[in-house]
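A closer look at the structure
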There are 2 protein chains.
Amino acid sequence: MQRLGDIRVGAETISTGDALGRVTAARYVSPTGLPAFARSSMDGYSVRAADTFGATESLPAYLELTGEVPMGRAPQVALGSGDAAVAFTGGMLAEGADAVVMIEHTQQVDDGTIEVTRPVAPGENVVQRNEDVLPGDEVVPAGQTVRPQDIGALLALGITQVSVAKRPRVAIVSTGDELVLPDVTPGQGQVRDINTYTVAALVEWAGGIPVPVGVFPDHLDTQCAAARKAMGLGDVVVFSAGSSMGSRDMTAAALSGLGEPGVLVHGISIKPGKPTIAGLAGQTPVFGLPGNPVSAMVVFDLLVRPVIRALMGCVPTEFRPTVTARLTKDVPSASGRQDYFPVSLSQGTGGMVAEPVFGKSNLIFTLVRADGIASVPLNSGGLYAGEPVRVALF
Amino acid sequence: MQRLGDIRVGAETISTGDALGRVTAARYVSPTGLPAFARSSMDGYSVRAADTFGATESLPAYLELTGEVPMGRAPQVALGSGDAAVAFTGGMLAEGADAVVMIEHTQQVDDGTIEVTRPVAPGENVVQRNEDVLPGDEVVPAGQTVRPQDIGALLALGITQVSVAKRPRVAIVSTGDELVLPDVTPGQGQVRDINTYTVAALVEWAGGIPVPVGVFPDHLDTQCAAARKAMGLGDVVVFSAGSSMGSRDMTAAALSGLGEPGVLVHGISIKPGKPTIAGLAGQTPVFGLPGNPVSAMVVFDLLVRPVIRALMGCVPTEFRPTVTARLTKDVPSASGRQDYFPVSLSQGTGGMVAEPVFGKSNLIFTLVRADGIASVPLNSGGLYAGEPVRVALF
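Residues numbered from 1 in each chain as written. Chains lettered and ligands numbered in written order. Predicted model: local features only at pLDDT ≥ 70, side-chain atom pairs only at ≥ 80, totals over all residues.

1. With respect to the overall build of chain A
The number of helices and strands found in chain A is six helices and 28 strands. Computed over C-alpha atoms, the radius of gyration of chain A comes to 31 Å, more than 25% over the 21 Å expected from 2.2 N^0.38 for 394 residues, which places it beyond the range of a compact globule. Among the 394 residues that make up chain A, the fraction classed as buried is 51%. A sequence separation of at least 24 residues applies to 70% of the contacts in chain A between residues at least 6 apart. (Helix = DSSP H or I, 4+ residues; strand = E, 2+ residues; numbered from the N terminus. Rg over C-alpha atoms; globule rule 2.2 N^0.38 Å. Buried ≥ 20, exposed ≤ 12 C-beta atoms within 10 Å, placed from the backbone. Contact = placed C-beta atoms within 7 Å.)

The following block contains the structure:
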């Protein structure tokens, strides 16, 4: 990740209303304060607070009703001593008013008079000017993933266009002599390519644009050509390698040929996912993901997703959604290795429970039956049934 | 929710590769078993297990190398007693083989001979035919939100098209005399409409298609016309009501006029969000959300999102992503009311901590400064600093 340095995809300007899920490429500060005027936070009457002091149910204050301030209008009413004006939630106060009496604490005596049965302090039931935001306050930092409320905040200030990082294009190459396209009936010994599509979906989830390059046999020249083509198409290159050692070595060779510094990592200390390749060809991060789908998904989440996010300049404080659940079974592990295992979740009597989904082959159906991925810490010999684990949700 | 009965939006057939995040409208079962053939789970040699019994480092078993089974091909090699054939991870076994010896437990003696230094049991390092999925196994149930692995599983079986629920169209009406469009500089007493856009973003998050209808003043005939227009455009109608009582009553009246049974709920026991309207006009769920953005977001999450999901036939077992964190401050509450409050999260020394973000006005910036929403249970008088709370992430 350090080697990524400050490699970034470019920025583009889009409508704020279209920015959901995009990552801001600039910092936005408030050009003005909000609210722009002192506003009532209740339905009732705007008053001079001093006129209500000492008011009680048995000894109400009597105020003269001098008019109302309609929603969305400047006040046409000025309060003298002993005056009140109808106020609506979100509306302006009458000139000279400094508080609002809730309608529940008043009674209309006649057309021109109300009685107030509780005193209000100055500022009560009033949202002061600039109380929410001061001019110059940060609204959205650069590198933030835009949420519905960020759209609202920007638009509240009249910021109708925003600069966001382009979505990184991720070129996906599947390799393996045994692979056929999903719409082909596999012959003996063949399987359908699915990693192109699962990785594409993971790229989409991560905020990138998947660019499938195709399925290529385990032949070095072919893979080198595919790698070069992928370099031309993507800001990131992901190879989904075959499962055999030979196929993985070929992937490493093909990726190495793309440029300096080349392959930086060949094998990582996690399970599943050990045979992972990661590197950098010039400005392009390149990956070789293990062929088995569980490994591919775990490694994508650990390495590829953070790189896609980093290329957009994403601030690294995103909270990964997790739930905590109790294990239903022991999960053995080797110390010195980070183990990941899929779990299915259900609501038990004492809270959420996590059932490990073991599958010898780590084929895609292990993941289909799971709701998330749990992990055994690096220096632990395993986990016992009943222990709580954090489950990263899909 | 019960009144929704089995109101559903229709289904459409799309490419499986495009189905990420969509909700399946049919149940998919496996037409075949997977894997379709017994495959090696290791690089090594396929053997007859009996030929390796008793093999040790000092007394290895010597086997004759009769060839290899290339990836993606049917075996052209049949093993007699004492024979072995090269096997690749994911490849077929040689005819007559019943196990695979890992390459690490062998040594090639000469071109035609290997020695095996550890015995294997029948079936060892082999993924049996149909071990992952049997013909007729459920792959994806109806009502499931499609994840990357579901796409992979469907494609692995050659299911390249899927039937998914159409995205519900949600017509959004903003009302209030004080509202101007975001690109307009507000006059005195005016504010920019932002709820149209925050609600639209929430609809998108929920899997629906937002259909903004416009901003309308607090005038009954105008709102009734807007409501009818919204009925024509949406599978769901959401009014973002003004903040004053009069505005909310007008929303209720406009929604009531749309058809039977009409408004079913007017006011709910939560804070913020009390002035919520919910109902059904014929087959169309209709909502009046409170004007303040925090309330609107809380109520959307509690009522509108589940309805959008239900219209797609979504199974109600989705896990809402939450984190557990310790409160930094006391949060008072009234018993008999469900209280929601925005919190900002940070990593403390003893785990995640949640800082309540209080804002008198509940304006949009309260949410901008927050990472999620926590709640005080219905029958609690409040929460104390240091207590753990579950935070639903945005």
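2. Some words on the interface of chain B and chain A
Taken together, the 77 residues of chain B in the interface contact 77 residues of chain A. Looking at the side of chain B that touches chain A, the elements that each hand over two or more residues are α1 (148-156), α2 (195-206), α5 (293-311), β22 (322-327) and α6 (364-368) of chain B. When residues in the side of chain B that touches chain A are grouped by element, the largest group, eight residues, is from α1(B). In the side of chain B that touches chain A, the residues fall into 39 nonpolar, 24 polar and 14 charged. (Nonpolar A, V, L, I, M, F, W, Y, C, P; charged D, E, K, R; others polar.)

3. Side note on the sheet that holds strand β4 (residues 44-47) of chain A
Residue and element names in this part refer to chain A. Reading across from one edge, β7-β4-β6-β5-β9-β8 is the order of the six strands in this open sheet, with mixed pairing throughout. The strands lining the two open edges of the sheet, one partner per strand, are β7 (99-102) and β8 (106-110). Averaged over all pairs of adjacent strands, the angle between their axes in this sheet comes to 40°, without regard to strand direction. With four bridges joining them, β4 and strand β6 (residues 83-87) adopt antiparallel strand pairing. By the bridge assignment, G44 is partnered in β6 with A87. (Pairing = 2+ DSSP bridges. Axes fitted to C-alpha atoms, helices over the stretch in contact; angles between N-to-C directions.)

4. Structural notes on the sheet that holds strand β20 (residues 277-281) of chain B
Residues and elements named next belong to chain B. The six strands are arranged β16-β13-β17-β21-β20-β18 in an open sheet whose pairing can be described as mixed. Whereas interior strands pair on both sides, the edge strands pair on one side only; in this sheet they are β16 (209-216) and β18 (261-266). Shown here is a sheet whose adjacent strand axes are inclined to one another by a mean of 20°, direction ignored. Relative to β20, β18 runs antiparallel, the two sharing five bridges.

5. What to know about the nonpolar core
In terms of nonpolar packing, the biggest core is built from 176 residues, with V238(A) and V238(B) touching the most fellow members. Setting aside chain neighbours within four positions, we find V238(B) in contact with V170(B), I172(B), V199(B), F287(B), L289(B) and V304(B). (Core = buried A, V, L, I, M, F, W, Y, C linked by C-beta atoms within 7 Å.)

6. Points about α5(B)
Residue and element names in this part refer to chain B. Of all bends in α5, the biggest is about 50°, found at F300. The buried fraction of α5 amounts to 15 of the 19 residues, a majority that puts the element mostly inside the structure. One or two residues past the end of α5 sits G313, with phi positive at roughly 75°. (Bend = angle between axes of the 7 residues up to and from the residue.)

7. A few points about the relation of the copies chain B and chain A
With an axial shift of 0.0 Å and an RMSD of 0.1 Å, the rotation relating chain B to chain A amounts to 180°. What the superposition gives is, in effect, a two-fold axis relating one chain to the other. Interface overlap between copies: 100% of the residues of chain B at the interface are likewise at the interface in chain A, consistent with a symmetric, same-surface contact. (Least-squares fit on C-alpha atoms with pLDDT ≥ 70 in both.)

8. Digging into the confidence of the model for chain A
Of all residues in chain A, 96% attain a pLDDT of 70 or more, and the chain-wide mean is 91. For this predicted complex, the interface score ipTM comes out at 0.90, while the overall pTM is 0.90. (pLDDT = per-residue confidence, 0-100.)

9. Focus on unusual backbone geometry
Between L34(B) and the following residue, P35(B), the backbone shows a cis peptide bond with an omega angle of -10°. Note on placement: P35(B) falls in the loop between β2 (28-29) and β3 (39-40). Positioned with a positive phi, N125(A) is a non-glycine residue whose angle comes to about 60°. Its identity is not glycine, yet N130(A) carries a phi of approximately 65°, on the positive side.

10. What to know about the packing of α2(B) against α5(B)
Helices that pack against each other are described as a pair by the angle of their axes relative to one another and the distance between those axes. Residues and elements named next belong to chain B. It is the contact of α2 with α5, at a shortest axis distance of 10 Å, that shows an interaxial angle of 35°. The two elements α2 and α5 cross, and the hand of that crossing is right-handed. Between α2, through N195, T198, V199, L202, V203 and A206, and α5, the contact on the second element is made entirely by P293, A296, M297, F300, R305, I308 and R309. Across the contact of α2 with α5, the residue classes tally to nine nonpolar, two polar and two charged. (Left-handed = near helix turned anticlockwise from the far one by under 90°.)

11. Describing the domain arrangement of chain A
Per the domain assignment, the segments making up chain A are domain 1 (7-34 + 136-165), domain 2 (39-127), domain 3 (169-311) and domain 4 (322-393). Put simply, the middle of domain 2 of chain A and the middle of domain 4 of chain A, counted by C-alpha atoms, are 61 Å apart. (Domains from an automatic or database assignment.)

12. Points about the environment of D98(A)
All names here are of chain A. Tracing the chain through its elements places D98 in the loop between β6 and β7. The sequence separation of D98 and N195 amounts to 97 residues, and the corresponding C-alpha distance is 65 Å. Residue contacts for D98: discarding those within four places in its chain leaves R48, A49, P122 and G123.

13. Regarding the pairing of strand β28 (residues 388-393) of chain A
All names here are of chain A. Sheet topology places strand β22 (residues 322-327) next to β28; five bridges connect them, and they run antiparallel. If you follow A325 over to β28, its bridge partner there is V389. Of the strand pairs in this sheet, strand β26 (residues 372-376) and β28 are connected by three bridges, and their pairing is antiparallel. Each residue of the ladder has a partner; that of I373, found in β28, is A392.

14. Remarks on α1(B)
Of all nine residues that make up α1(B), nine are buried, and the element is covered over most of its length. Every buried residue of α1(B) is accounted for by P148(B), Q149(B), D150(B), I151(B), G152(B), A153(B), L154(B), L155(B) and A156(B).

15. A short note on the environment of A156(A)
The topology assignment puts A156(A) in helix α1 (residues 148-156). Residue A156(A) is classed as buried on the basis of its C-beta count, with 28 C-beta atoms lying within 10 Å. It is 8.5 Å that separates the C-alpha atoms of A156(A) and L34(A), two residues lying 122 residues apart in sequence. Not counting residues up to four positions away in its chain, the partners in contact with A156(A) are L34(A), R192(B), I194(B) and I364(B).

16. A look at the environment of P356(B)
Residue and element names in this part refer to chain B. Following the sequence through the fold, P356 ends up in strand β25 (residues 351-356). Sequence separation of P356 and V368 is 12 residues, and the distance between their C-alpha atoms is 13 Å. Other than its neighbours up to four places away in sequence, P356 contacts L327, K329, V331, F341 and V343.

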